[in-house]
Amino acid sequence: MFNTHIGTDIEFAKQLLISGDVVAVPTETVYGLAANALDAGAVAKIFEAKNRPFFNPLIIHTHSIEEIAKYAEFDNLSLLIAQKLMPGPLTLLLKKKSVIPDIVTAGSDKVAVRIPNHPLLLSLLKSINFPLAAPSANAFGYVSPVTAEHVFQGLQNKIPYIIDGGNSAVGLESTIIEIENESIILHRSGGLAIETIEAFTTKKAIKPTQQKLPKTSGQLKSHYATATPLIQGNITELLHNYASKKIALITYSNIYKNIPEEDQFVLSRIRDLKEAAKNLFSTMRTLDEQNKYEIIIAEFFPNEGLGIAINDRLQRAQFIHKH
Ligand code: TXA
Ligand code: MG
């Protein structure tokens, strides 16, 4: 049990991390729950606080490409991508070096690495001489946090400190890719549009083959789930099917006629997918907190750019309904 504090004391956070404790940290994607990635005991505390199954590997966070190279081996294409797109909402799977404990990678010979683009976290990373392993700072299975307050709601008394870095600018977890035989494998769509990577490399990204699919949280069919049942689909049809229930609508920019406007949550009136991504998780949490909706109905977003990751998260948040 901890008395969980929220603040911007980087020195205090650093001391906690050095003593093998966990600290919640802001990133531009979502908040992370961080510990010294080189200390298996410290990393174990992350799993404990989150109630996260141990078969789920963690991303390590550093401040530079030179740092990453201490913990993983770059192939040429991964290095070019890192030089172009890091820091940013991108994670690369690279061959791990032996300093990284097995608990971080769940026994895999690949380690996930990323350079987050957040000034407070970057200054913390520069002040320590180890990388930080960090999953999203939510209780396992729930919607990822994009404010310090969200972290507090899920993990209070389980962790000593939360660094408050304001609202996460991107609002979706990082895009995870792996280079294999010069091909780009997309493991998780996320905060960096895959089109950006494709344009830079002039290669088309491919999906992982079934046996390569790691048994990891982001890949679990049900994840990022609200407590209120959520269903994504054709709005008109769903409004009809659930007419007897108290409905909240999540839409891109449309307002629908046959449901009160106050129950409609528009993610971007100007149809900007970046703005919609930034608002998605906060909106899902707000709807849960209000505790007055029996079902959340979400629209399909355009399947391009960040819309791909928005649709992915909404799909995984779906409650499987028996009619
Ligand atoms: O934006 C993000 O990526 C955030 C912030 C905190 O950096 N982190 C995050 O972590 O979303 P998490 O643990 O919620 O998701 C990490 C996912 C795992 O579920 C898994 O899919 C993948 O990264 N992953 C990590 N290490 C891996 C490995 N060695 N092999 C395959 N997949 C791995
Ligand atoms: Mg997560």
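Before any of the text, the structure's been laid out above.
Residues numbered from 1 in each chain as written. Chains lettered and ligands numbered in written order. Predicted model: local features only at pLDDT ≥ 70, side-chain atom pairs only at ≥ 80, totals over all residues. Heavy atoms only, no water.

Participant: Talk me through the overall build of the protein chain; I want residue IDs and the actual numbers.
Facilitator: Secondary structure summary: the protein chain contains eleven helices and 15 strands in total. In summary, the protein chain has a C-alpha radius of gyration of 20 Å against a globular reference of 20 Å for 323 residues, a match within 12%. Seen through its principal axes, the protein chain has C-alpha atoms that stretch 60 × 50 × 35 Å. Of all 323 residues assigned to the protein chain, the portion counted as buried reaches 58%. Taking as baseline every contact in the protein chain between residues at least 6 positions apart, the subset at least 24 positions apart corresponds to 67%. Of the roughly 14300 Å² that the protein chain leaves accessible, carbon and sulfur atoms contribute 52%. Positive and negative side-chain charges in the protein chain, numbering 32 and 32 respectively, have mean positions lying 3 Å apart. (Helix = DSSP H or I, 4+ residues; strand = E, 2+ residues; numbered from the N terminus. Rg over C-alpha atoms; globule rule 2.2 N^0.38 Å. Buried < 20%, exposed > 50% of the residue type's maximum accessible area, 1.4 Å probe, protein only. Contact = heavy atoms within 4.5 Å. Areas by Shrake-Rupley, 256 points an atom, 1.4 Å probe, with all protein chains shown as cover. Lys, Arg positive; Asp, Glu negative; His and termini not counted. Charge placed at Lys NZ, Arg CZ, Asp CG, Glu CD.)

Participant: Quick one: what's the story with the pairing of strand 6 (residues 90–96), residue by residue and with numbers?
Facilitator: Across the seven residues that make up strand 6, a large majority, six, are buried. Bridging between strand 5 (residues 72–73) and strand 6 involves two bridges; their strand directions are antiparallel. Across the sheet, residue Ala 72 finds its bridge partner in strand 6, namely Lys 96. Here strand 6 runs beside strand 10 (residues 175–180); their pairing, made up of four bridges, is parallel. Across the sheet, the residue bridging to Leu 90 is Thr 175, located in strand 10. (Pairing = 2+ DSSP bridges.)

Participant: Account for the nonpolar core, with residues named and values stated.
Facilitator: One recurring pattern in soluble globular proteins is that nonpolar side chains are buried together. Ranked by internal contacts, the top residues of the largest apolar core, which has 47 residues, are Leu 33, Ile 60, Ile 81, Ile 159, Ile 177 and Ile 197. The element best represented in this core is helix 2 (residues 40–50), accounting for five residues. By size, the runner-up hydrophobic cluster in this structure holds 28 residues, among which are Val 146, Phe 281, Leu 306 and Ala 309. (Core = buried A, V, L, I, M, F, W, Y, C linked by side-chain atoms within 4.5 Å.)

Participant: How would you sum up the pairing of strand 3 (residues 32–36)? Please name residues and give values.
Facilitator: Taking burial as the measure, the five residues of strand 3 include five buried ones, the bulk of the element. Note that strand 2 (residues 23–25) and strand 3 share three bridges and pair antiparallel. Looking at strand 3, one finds that Val 25 is bridged to Gly 32. Between strand 2 and strand 3, which follow one another and run antiparallel, lie six residues.

Participant: Residues and numbers for the packing of helix 4 (residues 76–85) against helix 8 (residues 194–201), please.
Facilitator: Look at helix 4 against helix 8: their axes get within 11 Å of each other, and the N-to-C directions meet at 120°. If you check the angle between helix 4 and helix 8, you find them oblique. Note on packing geometry: the crossing formed by helix 4 with helix 8 is right-handed. Along the contact surface, helix 4 presents Leu 77, Leu 80, Ile 81, Lys 84 and Leu 85, while helix 8 presents Thr 196, Ile 197, Phe 200 and Thr 201. (Axes fitted to C-alpha atoms, helices over the stretch in contact; angles between N-to-C directions. Parallel < 35°, antiparallel > 145°, perpendicular 65-115°, else oblique. Left-handed = near helix turned anticlockwise from the far one by under 90°.)

Participant: Mind laying out helix 2, listing which residues take part and the relevant values?
Facilitator: By the burial criterion, the buried members of helix 2 are Ala 42, Val 43, Ile 46, Phe 47, Ala 49 and Lys 50. Those residues of helix 2 that are buried are in contact with strand 3, helix 5 (102–105), strand 8 (132–133) and helix 7 (148–155). Where helix 2 begins, the capping side chain belongs to Asp 39, and its oxygen is found 3.0 Å from the backbone nitrogen of Gly 41. Looking one or two residues past helix 2, Asn 51 carries a phi angle of roughly 65°, positive in sign. (Polar contact = N/O pair within 3.5 Å; in protein donor to acceptor, adjacent residues only side chain to side chain.)

Participant: Describe the packing of aromatic side chains, listing the residues and the values that go with them.
Facilitator: For the structure on display, the rule yields five aromatic pairs. With 4.9 Å between their ring centres and 85° between their planes, Phe 12 and Tyr 161 make a pair best called edge-to-face. Here Phe 12, found in helix 1 (residues 10–18), pairs with Tyr 161, found in strand 9 (residues 161–163); they are 149 residues apart in sequence, far enough to count as distant. Exposure remark for Phe 12: the relative accessible area of 36% places this residue in the partly exposed category. A ring pair is formed by Tyr 252 and Phe 301, whose centres lie 5.4 Å apart and whose planes are at 45°; its orientation type is tilted. Pair noted here: Tyr 252 is in the loop between strand 13 (247–251) and strand 14 (264–266) and Phe 301 is in the loop between strand 15 (295–298) and helix 11 (306–316), with a separation of 49 residues, a long-range link. Accessibility expressed as a relative area gives 4% for Tyr 252, which makes it buried. Sitting over the ring of Tyr 224, Arg 313 keeps its end group 5.1 Å from the ring centre. (Phe/Tyr/Trp six-rings, centres within 6.5 Å; stacked < 30°, edge-to-face > 60°. Lys NZ or Arg CZ within 6 Å of the ring centre and 35° of its normal.)

Participant: Tell me about the sheet that holds strand 13, and please be specific about residues and values.
Facilitator: Strand order across the open sheet formed by four strands is 12-15-13-14, with parallel pairing between neighbours. One side of each edge strand has no neighbouring strand; the edge strands of this open sheet are strand 12 (230–232) and strand 14. When the angles between neighbouring strand axes are averaged without regard to direction, this sheet yields 20°. Examined bridge by bridge, strand 13 and strand 14 share three bridges and lie parallel to one another. Across the sheet, the residue bridging to Leu 249 is Gln 264, located in strand 14. Of the strands in this sheet, strand 12, strand 13, strand 14 and strand 15 are in contact with helix 10 (residues 273–290), which crosses strand 13 at around 170°.

Participant: Before we move on, can you summarise the pattern of salt bridges with the specific residues and values?
Facilitator: Taken as a whole and judged by the stated rule, the model has ten salt bridges. Linking Lys 45 and Asp 21 is a salt bridge whose minimum nitrogen-to-oxygen distance equals 3.2 Å. Here Asp 21 lies in the loop between helix 1 and strand 2 and Lys 45 lies in helix 2, a separation of 24 residues in the sequence. Close ionic contact of Glu 178 with Lys 110 constitutes a salt bridge, the shortest N to O distance being 2.7 Å. Here Glu 178 is found in strand 10, whereas its partner Lys 110 is found in strand 7 (residues 110–114), with 68 residues between them in sequence. Overall, Glu 178 belongs to the buried group, its relative accessible area being 1%. Assessed through its relative accessible area of 23%, Lys 110 is described here as partly exposed. Sharing partners across several salt bridges, the network here consists of Glu 173, Asp 312, Arg 313 and Arg 316. (Salt bridge = Lys/Arg side-chain N within 4 Å of Asp/Glu carboxyl O.)

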